[in-house]
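Summary of structural features
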Amino acid sequence: MNLINCYKNCCAIFSLLVFLSGCSEEISRPLLQVGEKALPFTLELIDGKQSNLEQYAGKGLVITFMSSWCPCSNESMPFMKQAYSKHKNDQIVFLMVGIQNSRSKFEEFVEKWGVPFPAGYDKGDRIAKDYGVSSPPTTFFIDKNGIVKRAFYGNIAKKPDEFQQWLKEIL
Amino acid sequence: MGGGAAVWGGFSSFFSIWQVCILQISPFFIAFIVGIYLATVGKKADPEIRRWLLIPCITYGIGFSVFYSLLIASGLNISRPLIHNIGLLRVVSGIIILFVGLYILLVNRISFLGKIHTPLLLSTLSLLIGVTFALVYSPCITPMLSDIMGIASQRNTAVEGWYMAFWYGLGVSIALCMTSVALILFAGRQEIVLRNANLIKNICGIILLILAVMNITGLMRHYKAFVLGFVL
């Protein structure tokens, strides 16, 4: 293969990939800071219903970003289910957002764990980008005024005492 | 938590369940280092080979750790443009990885590439691979990384968090480089490997091309969902 042919082939591949890359360009924010106002979102839930931030006004919101392939997401699920059962009658809403995943795999994950609270697949990781979430699992504690009171990265089951404290902060 | 603990945290995560997350980059780095080794092995004697691999491993570790830590330390002002443009940077990373993959595929076929195949060039490519892998890697959060991110994401403690994340990233890099070099030392002089060196080198190049395409097109999420999910 001579150099000119190689150069032509490289240019052709490069052009094709630049064209394809138009499908994946994205703008992300840095991680939402404690004290900042939570950004509005609309999430399509697994059951087909729509969920958005406004509908949780006046309630505390625990929003957790998870992926089926992530060991920490799997390890934290029993704790999250238990926490939901304990607080489902309080003024606290739990919401799971599936990120960095395929829709089918996330739906399998929700089914596997029998997630008892609303869960939806974040197509194109749009909500994750708005919230600055780059790694699962990340959990935000948002108070009834829509202010981020806490952000936690990793397996929340490792912080059971702090979790209860953080719930009190958003009530 | 000190720098030593962070290095150990990163290093040990490589040999634990967290390898599932590191599979986002580990097979591709091994493909890169094996590819450049096999592109060189026919030309240079053993002692030189070590020099040809050692420096690239160091530059990879520097490139990866610096950019990985900057992305973790989202509370730093310097990190914000990186995070804001991460989508575009991943596409650019994909294009760089594409050219590195093509280089490995073509280095023994195009005489010009053969002439520029020097330790300096390989070290530069490794530095670029380190930077691009940091940009494309979105880890799940190990217990130690959980603590580091908690510090690094807040503006008032971001510098401390960046420092810890740097050492954590270096720990991951050291483990990855050690594993790759051990693989080469163990298998690199086997008769079957040397007999099929060109084929294996080409496969390594193709593996990098696959990573490039996944990053450029956004298919990386499916790799995570299906391949990493299958391992888990």
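Just so we're clear, the structure is a prediction, and the values are computed from it rather than from any experiment.

Once that is clear, we can look at the overall build of chain A. Helix and strand content of chain A: 5 helices and 7 strands. Beginning at the N terminus, the succession of helices and strands in chain A can be written as α-β-β-β-α-β-α-β-α-β-β-α. Counting every position in chain A, which comprises 171 residues, the buried fraction comes to 41%. Long-range pairs, those at least 24 residues apart, make up 73% of the contacts in chain A between residues at least 6 apart in sequence.

The next subject is the sheet that holds strand β6 (residues 138–142) of chain A. Residue and element names in this part refer to chain A. Ordered in space as β5-β4-β3-β6-β7, the 5 strands form an open sheet in which the pairing is mixed. Each end of this open sheet is capped by a strand with a single partner; those strands are β5 (119–121) and β7 (148–153). The average angle at which neighbouring strand axes cross in this sheet is 15 degrees, direction not considered. Direction of pairing for strand β3 (residues 60–66) relative to β6: antiparallel, over a ladder of 5 bridges. Each bridged residue has a counterpart across the sheet, and for Leu61 the counterpart in β6 is Ile142.

This next bit is on the interface of chain B and chain A. Counting residues at the interface gives 44 residues for chain B and 40 residues for chain A. Contributions of two or more residues to the side of chain B that touches chain A are made by α2 (19–22), α5 (79–84), α6 (86–106), α9 (143–152), α12 (197–217) and α13 (220–231) of chain B. Considered class by class, the residues forming the side of chain B that touches chain A number 26 nonpolar, 13 polar and 5 charged.

We now examine the nonpolar core. All names here are of chain B. Of all hydrophobic cores here, the largest spans 123 residues; its most connected members are Phe32, Ile148, Ala165 and Leu208. Looking at which element gives the most residues to this core, the answer is helix α10 (residues 158–187), with 13 residues. Setting aside chain neighbours within four positions, we find Ala165 in contact with Tyr68, Ser69, Ile72, Ala73, Ile148 and Ala152.

With 84% of its residues at a pLDDT of at least 70, chain A reaches an overall mean of 85. Overall, residues 21–25 of chain A carries pLDDT values under 50, and its contacts beyond four positions in sequence, including any with other chains, amount to 11 contacts.

Moving on: the packing of helix α3 (residues 26–41) of chain B against α10 of chain B. Residue and element names in this part refer to chain B. Two numbers describe how α3 lies on α10: the axes approach to 10 Å, and their chain directions differ by 45 degrees. The angle between α3 and α10 falls in the class oblique. In the packing of α3 onto α10, the handedness of the crossing is right-handed. Taking contact as the criterion, the partners of Ser26, Phe29, Ile30, Ile33, Val34 and Tyr37 in α3 are, on α10, Leu176, Ser180, Leu183 and Ile184.

Residues and elements named next belong to chain A. The residue after Pro136, namely Pro137, is reached through a cis peptide bond having omega -10 degrees. Not every positive phi belongs to a glycine, and Gln100 is a case in point at roughly 45 degrees. Within the element layout of this structure, Gln100 appears in the loop between β4 (92–98) and α3 (103–113). Given 26 C-beta atoms within 10 Å, Gln100 falls into the buried group. A positive phi angle, close to 55 degrees, is found at Asp125, a residue other than glycine.

Criteria and cut-off values
Residues numbered from 1 in each chain as written. Chains lettered and ligands numbered in written order. Predicted model: local features only at pLDDT ≥ 70, side-chain atom pairs only at ≥ 80, totals over all residues. Helix = DSSP H or I, 4+ residues; strand = E, 2+ residues; numbered from the N terminus. Buried ≥ 20, exposed ≤ 12 C-beta atoms within 10 Å, placed from the backbone. Contact = placed C-beta atoms within 7 Å. Pairing = 2+ DSSP bridges. Axes fitted to C-alpha atoms, helices over the stretch in contact; angles between N-to-C directions. Nonpolar A, V, L, I, M, F, W, Y, C, P; charged D, E, K, R; others polar. Core = buried A, V, L, I, M, F, W, Y, C linked by C-beta atoms within 7 Å. pLDDT = per-residue confidence, 0-100. Parallel < 35°, antiparallel > 145°, perpendicular 65-115°, else oblique. Left-handed = near helix turned anticlockwise from the far one by under 90°.

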